[in-house]
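# Descriptive structure summary
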Amino acid sequence: IVVNEPVEQTDYNMTIINGTDGYWGTANSTDRISGRMWVIGTAFNVAGSDTLKVFTSTNNGITWVLLVRIQYGVAGIHYRPDELDIEAVNNGTNQYIFSVAGFNYSGTSYCSYLRINSSGAEFASGNLGTTSATVKNFYPRITSDNARYTDIAKVFAIWTQDSTRAADRHLKTKVAFMMTPFVASPIPITYRLGGGDMGSYWWNLNVETSNDSTFMYNDIALADSLGNSKLVTVTNFYRAGFMNMFLSYSNDWGATAPYWVPQITETRVNLRPRIAATGLDSTYMMITNTRQFSATDWDPYYYRTSNNGVSWVGGYVDAASDTTVYSDVVSIPRVPNTFRFAYSVRSGNNANGNIFMRSFNKGVFLARLQLNPVGSFMSTSFTPIRAGYRFSTDSCFINASGISGVGIFAYTGCDGTITGIGNNETPVTYELSQNYPNPFNPVTRISFALPKQGFVTLKLYDVLGKEVATLVNEMKNQGSYSVDFNGSNFSSGVYFYKIETNGFSDIKKMMMIK
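Everything numeric here is computed off the predicted structure, so don't read it as measured data.

### Some points on the overall build of the protein
- Summing up its helical and strand segments, the protein has zero helices and 37 strands in all.
- Against the 2.2 N^0.38 benchmark of 24 Å for 514 residues, the protein shows a C-alpha radius of gyration of 23 Å, consistent with a compact globule.
- For the protein, the spread of C-alpha atoms along the principal axes amounts to about 80 × 50 × 50 Å.
- Counting only residues that meet the buried cut, the protein has 57% of its 514 residues in that class.
- Excluding contacts between residues fewer than 6 apart, the proportion of contacts in the protein whose partners are at least 24 apart in sequence is 57%.
- Of the roughly 19500 Å² of accessible surface on the protein, 51% is carried by carbon and sulfur atoms.

Below you can see the structure in the form of structure tokens.
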């Protein structure tokens, strides 16, 4: 394990998190309370075993450090393409990531889980489900209810179990539940409606062993409407002869059998569903997949519900006549009806192409944006692109891999401001929060809360009391807000920031160290 190793920096819009390793998969997540950002990748190693690398940023993705590097002590462990997912979880005291990954070892296929804290010093891991020569596990995904809870947050994982029984293959949905995810290792795991290799949480599809090309993909999300948590899963099958999107819903975190209506009727082949929910007092969810229109025309497609899954509508994220090979979606926690899409489009018959993002803000799609420079292609294989977000005047964050899966690149500077992240309940008092991080270099975030509408000024002063910057000077509605200060053009030292609105005034000290 290597701790706190700096990575290469370029400009504000694109950062090379790692430029040398080849990656089977990447994933990202943002801590909704602290704003700390995480990117993980499974790096290929031709000798020995592959390496899982964990990168983190505390300044909105401008600079990154390699926090830890994890490698199994035995040779021959290799991660599988696009089988990596991550969830940032904050219990109110400590910051963690929980991740799941799929890997092969000694002729069989495993899914594993991992927990790491923000210092990299606290570590817990293990395998999910039962694994043997005839029972294999694939395509793990992870979620939590951290959008609502902190110290009592729970973590959920889903994956596909592929087992052989006589003349049949059985494809099953498996769900694991971490009720107490912050305890010392090992983390207690409860298997919902199907522990061991015989049961299944929801789907159990029998496939003749002669037809060994059927794939089953799952994803999982925790929706929350007016305090009622709902565990939602989505499943689809490739080369199974039917194209529908199959959903399950549980109001007791999977303790009893979920209900399964409505389903999403689909007439075209589709791959790899990804589901996102904002997770607090919101009835909105969105799903994306890659959907086949013709032999070579695959599109990023979406399905959307505004009533917590009672009904769904669909449409194109991008209807261009090209070959989309991967589509991803992420929700903005506690910001209803706001999502970020990312997708990669192949160039000709190559395994490389262009990457795009598109925002869905309060029910409206914004224009698509191409992230890579024209003619400078990125990977469309392995895990080519993952959607994310950050706390900033520009909320966009996307990570992608370079040609042939080499490197991890972070893209920013492609979207507008997110407000109200972390707490969109109506504040009951005025509040000016301490900036984070503090000390900082060169970017820090300042948050404030308004119990009612008013004209707000937020100004910055040097140690002599001279006004040096105005961060806010406008009318604001009631709510919680965040603003970033970039001190690139300022000297190191102590500064003060002061808010004034509706007769309320407060001032706090911060320090920039370059």
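### Considerations on the sheet that holds strand β16 (residues 228-238)
- A sheet is described by the order of its strands in space; here three strands give the open sequence β15-β16-β17, paired in antiparallel fashion. In this open sheet, the two strands that pair with only one neighbour each are β15 (215-225) and β17 (246-250). In this sheet, adjacent strand axes meet at a mean angle of 20° when their direction is disregarded.

### Focus: the packing of aromatic side chains
- This structure, assessed with the given rule, holds 32 aromatic pairs.
- Where tyrosine 139 meets tyrosine 217, the ring centres are 4.8 Å apart and the plane angle is 45°; that geometry is what we call tilted. Placement of tyrosine 139 in strand β10 (residues 135-144) and of tyrosine 217 in strand β15 is noted, with a sequence separation of 78 residues between them.
- Residue class for tyrosine 139 comes out buried when judged on its relative accessible area of 18%.
- Overall, tyrosine 217 belongs to the buried group, its relative accessible area being 7%.
- Note on tryptophan 159 and tyrosine 191: the rings are 6.1 Å apart at their centroids and 85° apart in plane angle, and the pair reads as edge-to-face.

### Digging into the sheet that holds strand β7 (residues 95-105)
- Spatially, β6-β7-β8-β9 is the arrangement adopted by the four strands of the open sheet, whose pairing is antiparallel. Of all strands in the sheet, those bounded by a partner on one side alone are β6 (78-90) and β9 (123-127). Neighbour-to-neighbour, the strand axes of the sheet open up by a mean angle of 15°, direction not taken into account.
- Two elements, β6 and β7, share nine bridges in a ladder whose sense is antiparallel.

### Some remarks on the confidence of the model for the protein
- Predicted confidence across the protein gives a mean pLDDT of 87, with 90% of residues reaching 70 or more.
- Averaged pLDDT values for the elements of the protein fall to 45 in strand β1 (residues 5-6) and rise to 97 in β7.
- Predicted confidence is poor over residues 416-425, with pLDDT under 50, and the contacts of this stretch with residues over four places away or in other chains come to 35 contacts.

### Details of the pattern of salt bridges
- Counted under the stated rule, the structure contains 16 salt bridges.
- We note a salt bridge from arginine 272 to aspartate 82, for which the minimum N-O separation is 3.2 Å. In this pair, arginine 272 sits in strand β18 (residues 270-277) while aspartate 82 sits in strand β6, placing the two residues 190 residues apart along the sequence.
- For aspartate 82, a relative accessible area of 11% puts it in the buried group.
- Measuring nitrogen to oxygen at the nearest pair gives 3.6 Å for the salt bridge that ties arginine 141 to aspartate 85. Of this pair, arginine 141 sits in strand β10 while aspartate 85 sits in strand β6, placing them 56 residues apart in sequence.
- Here the residues in one salt-bridge network are Asp85, Arg141, Asp219, Asp328 and Arg386, joined through shared partners.

### Overview of the environment of glutamate 266
- Of note, glutamate 266 is situated in the loop between β17 and β18.
- Take glutamate 266: its relative accessible area is 7%, and that puts it in the buried class.
- Distance in space between the C-alpha atoms of glutamate 266 and arginine 291 is 9.7 Å, their sequence separation being 25 residues.
- Those residues in contact with glutamate 266 that sit more than four places away from it in its chain are Met243, Asn244, Arg291, Tyr301 and Tyr303.

### Quick look at the environment of glycine 25
- With respect to the helices, strands and loops of the structure, glycine 25 is situated in strand β2 (residues 14-30).
- In sequence terms glycine 25 and arginine 192 are 167 residues apart; their C-alpha atoms lie 27 Å from each other.
- With sequence-adjacent residues up to four places away left out, glycine 25 is seen in contact with Ile40, Gly41, Thr42, Asp82, Leu84 and Thr383.

### Quick notes on the pairing of β17
- Burial analysis of β17 places five of its five residues in the buried class, which makes it a mostly covered element.
- Residues Phe246, Ser248 and Ser250 of β17 are buried on one face, and the alternating residues Leu247 and Tyr249, pointing to the opposite face, are buried as well.
- As paired elements, β16 and β17 share five bridges and run antiparallel to each other. Bridge assignment links leucine 231 to a residue of β17, and that residue is serine 250.

Cut-offs and rules
- Residues numbered from 1 in each chain as written.
- Predicted model: local features only at pLDDT ≥ 70, side-chain atom pairs only at ≥ 80, totals over all residues.
- Heavy atoms only, no water.
- Helix = DSSP H or I, 4+ residues; strand = E, 2+ residues; numbered from the N terminus.
- Rg over C-alpha atoms; globule rule 2.2 N^0.38 Å.
- Buried < 20%, exposed > 50% of the residue type's maximum accessible area, 1.4 Å probe, protein only.
- Contact = heavy atoms within 4.5 Å.
- Areas by Shrake-Rupley, 256 points an atom, 1.4 Å probe, with all protein chains shown as cover.
- Pairing = 2+ DSSP bridges.
- Axes fitted to C-alpha atoms, helices over the stretch in contact; angles between N-to-C directions.
- Phe/Tyr/Trp six-rings, centres within 6.5 Å; stacked < 30°, edge-to-face > 60°.
- pLDDT = per-residue confidence, 0-100.
- Salt bridge = Lys/Arg side-chain N within 4 Å of Asp/Glu carboxyl O.

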